[in-house]
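# Observations on chain architecture
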Amino acid sequence: MNWWMWMALGVALAAVEIATPGGFFVIFFAVSAFLVGALERFGLAESMWLQWLLFSVIAVIALRLFRNPLLRRLGPSRGEADRDALTGEMALAVADIAPGQHGRAELRGTTWNARNVDTAPLAAGQRCRVVAVQGLVLDLRSE
């Protein structure tokens, strides 16, 4: 393949990575295509079988070496970000919850385990604010 075809393949793969929420997978194949294109341009990988072998090997090695550190460096996982987004939301107590006790609360159309961290009891149907999320338990205070 000509060097410019490898570059075009690299651009197409980079566009696929940008367009899909895949979590940094295709980008390593794009980088590999750019590298193979550069090697071919400078006459270091002229045979077709060598180009495809280099493309595959470079992509797999880059994927194994750099994907996990890149994902860790870019921030919390999606689940942690969603869970932390619940803090500050308004929930409804399903039943009475005494101070320091556990009960149930409705938030975003789902019933959750809840704990009353306030000094006053929460009445059934009362609006309360989520102040923290501990696993699958919402810590609530009265509004």
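Conventions and cut-offs
Residues numbered from 1 in each chain as written. Predicted model: local features only at pLDDT ≥ 70, side-chain atom pairs only at ≥ 80, totals over all residues. Heavy atoms only, no water. Axes fitted to C-alpha atoms, helices over the stretch in contact; angles between N-to-C directions. Helix = DSSP H or I, 4+ residues; strand = E, 2+ residues; numbered from the N terminus. Parallel < 35°, antiparallel > 145°, perpendicular 65-115°, else oblique. Left-handed = near helix turned anticlockwise from the far one by under 90°. Contact = heavy atoms within 4.5 Å. Nonpolar A, V, L, I, M, F, W, Y, C, P; charged D, E, K, R; others polar. pLDDT = per-residue confidence, 0-100. Phe/Tyr/Trp six-rings, centres within 6.5 Å; stacked < 30°, edge-to-face > 60°. Buried < 20%, exposed > 50% of the residue type's maximum accessible area, 1.4 Å probe, protein only.

### Considerations on the packing of helix α1 (residues 3–19) against helix α2 (residues 27–41)
Interaxial distance between α1 and α2 falls to 8 Å at its minimum, and their mutual angle equals 165°. Taken together, the axis directions place α1 and α2 in an arrangement best described as roughly antiparallel. Considering only the axes of α1 and α2, their crossing is left-handed. In this structure, α1 uses W3, W6, M7, L9, G10, V11, L13, A14 and E17 to contact α2, whose residues at the interface are I27, F29, A30, A33, F34, V36, G37, A38, E40 and R41. Here the contact of α1 with α2 is composed, by residue class, of 14 nonpolar, two polar and three charged.

### Regarding the confidence of the model for the chain
Per-residue pLDDT for the chain has a mean of 90; in total, 93% of the residues score no lower than 70. The secondary-structure element of the chain with the lowest mean pLDDT is helix α4 (residues 78–84), recorded at 54, while α2 shows the highest, at 96.

### Describing the environment of A85
Within the secondary structure, A85 sits in the loop between α4 and β1 (90–93). Considered as a pair, A85 and A132 are 47 residues apart in the sequence and their alpha carbons are 9.9 Å apart.

### Some thoughts on the packing of aromatic side chains
Taken as a whole, this structure holds five aromatic pairs when the rule is applied. Seen from their ring centres, W6 and F55 are 5.4 Å apart, and the 45° between their planes marks the pair as tilted. Separated by 49 residues along the polypeptide, W6 in helix α1 and F55 in helix α3 (residues 48–73) bring together distant segments of the chain. A relative accessible area of 0% means that W6 is categorised as buried. On the basis of relative accessibility, which here comes to 10%, the residue F55 falls in the buried class. A centroid spacing of 5.8 Å and a plane angle of 50° characterise the contact between F25 and F29, whose relative ring orientation is tilted. When its relative accessible area of 40% is taken as the criterion, F25 is described as partly exposed. On the basis of relative accessible area, F29 is assigned to the partly exposed category, the value being 22%. Taken together, W6, F25, F29, W52 and F55 form an aromatic cluster joined through their ring pairs.

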